[in-house]
Amino acid sequence: MTAPAGTAPETLRHTPTVVRTRAELDGVLDRSRPVALVPTMGALHDGHASLVRLARERVGADATLVVSVFVNPLQFGPDEDFDRYPRDLEADLEVCAREGVDVVLAPAVEEMYPTGVPHALTGDPVSVHPGATADILEGASRPGHFRGVLTVVAKLFGLVRPDVAVFGEKDYQQLALIRRLVDDLCLRVDVVGAPTDRDPDGLARSSRNRYLSADERVRALALNRALGAAQQRASYGVEAARAAALDVLAGEPGVRLDYLALTRADLGELAERPEPGTEGRALIAARVGTTRLIDNLPLQF
């Protein structure tokens, strides 16, 4: 039986086992039981908790549920917030305990990159080349980002060897690329996408939301409103949907748009008049104050 939101399954009340090395991880995983993995960079919030609950739902109470907490330097650019990215392992462990997590993998950088952190663009030492889909949207704004993401995900899959791995749809391009990674490299992991978890006012939950001032947080709601406007106008075509979203953003000068993209569900290019029933995605990235936020919603044409 699935536990109510915000509570752990009744059968799991123990404190998670924290491991920091490959040897420690191998010592606690029972490979005779299914294993589910929820990769995170820590600073856990209710959105992460919803991923954990979905993972438990997919594998059952008798499986081993692993949450990784690792701020991956390879996916941060030189001018991004790696050094100030929020880190609070004790608080993260409280969330994991509440949600019935069995194992928390919290490795050091040296454990994940024993021969050194690869250069995000050259890939030396060995890293994962993410393909052309990594060069658009987030990849265009953050060169090398998805090389870092896919490299660390491949490492986590190799360490944990999960049967199921759960990722949020808020990072939609990331989810698409991880699915491509699994398919192309035959990794035998069931990648599950979880719907974006939102605050009651519609703001997508994110660890970076804590950077926002009270005024900036109000302004940030324009991202979800813009996506909703595109969603409502999708039946009139791509340009009508895009114009509706841009009209919302034009009324919010505190939001500096990085990109607004309307794509097919697989991130491919849409025809101007898509066939009826075509599924798409509206994706946005913008800065509110000094904080960069992303969000997305599905489209039905």
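## Some points on the sheet that holds strand β7 (residues 255-264)
The strands making up a sheet are joined through hydrogen bonds of the backbone, oriented either antiparallel or parallel. Spatially, three strands are ordered β7-β8-β9 in an open sheet, and the strand pairing comes out antiparallel. What marks the edges here is a single partner per strand, and that holds for β7 and β9 (291-300). In this sheet, neighbouring strand axes are inclined to one another by 15° on average, regardless of whether the strands run parallel or antiparallel. Here β7 runs beside strand β8 (residues 279-288); their pairing, made up of nine bridges, is antiparallel. Within β8, the residue paired with Leu262 across the bridge is Ala282. Helix-sheet contacts for helix α8 (residues 214-233) involve β7, β8 and β9, and the interaxial angle to β9 is about 20°.

## Things to note about the sheet that holds strand β1 (residues 17-19)
With respect to topology, six strands assemble into an open sheet ordered β1-β4-β3-β2-β5-β6, the strand pairing being parallel. The strands lining the two open edges of the sheet, one partner per strand, are β1 and β6 (190-194). Neighbour-to-neighbour, the strand axes of the sheet open up by a mean angle of 25°, direction not taken into account. In this sheet, strand β5 (residues 164-168) lies alongside strand β2 (residues 35-40) in parallel orientation, the contact comprising two bridges. Residue pairing across strands places Ala36 opposite Val164, the latter belonging to β5. Together, β2, β3 (64-69), β5 and β6 form the strand contacts of helix α2 (residues 46-59), whose direction differs from that of β5 by roughly 150°. Helix α7 (residues 172-184) rests against β5 and β6 of the sheet, and its axis sits at about 170° to β6.

Conventions used here
Residues numbered from 1 in each chain as written. Predicted model: local features only at pLDDT ≥ 70, side-chain atom pairs only at ≥ 80, totals over all residues. Heavy atoms only, no water. Pairing = 2+ DSSP bridges. Helix = DSSP H or I, 4+ residues; strand = E, 2+ residues; numbered from the N terminus. Axes fitted to C-alpha atoms, helices over the stretch in contact; angles between N-to-C directions. Contact = heavy atoms within 4.5 Å.

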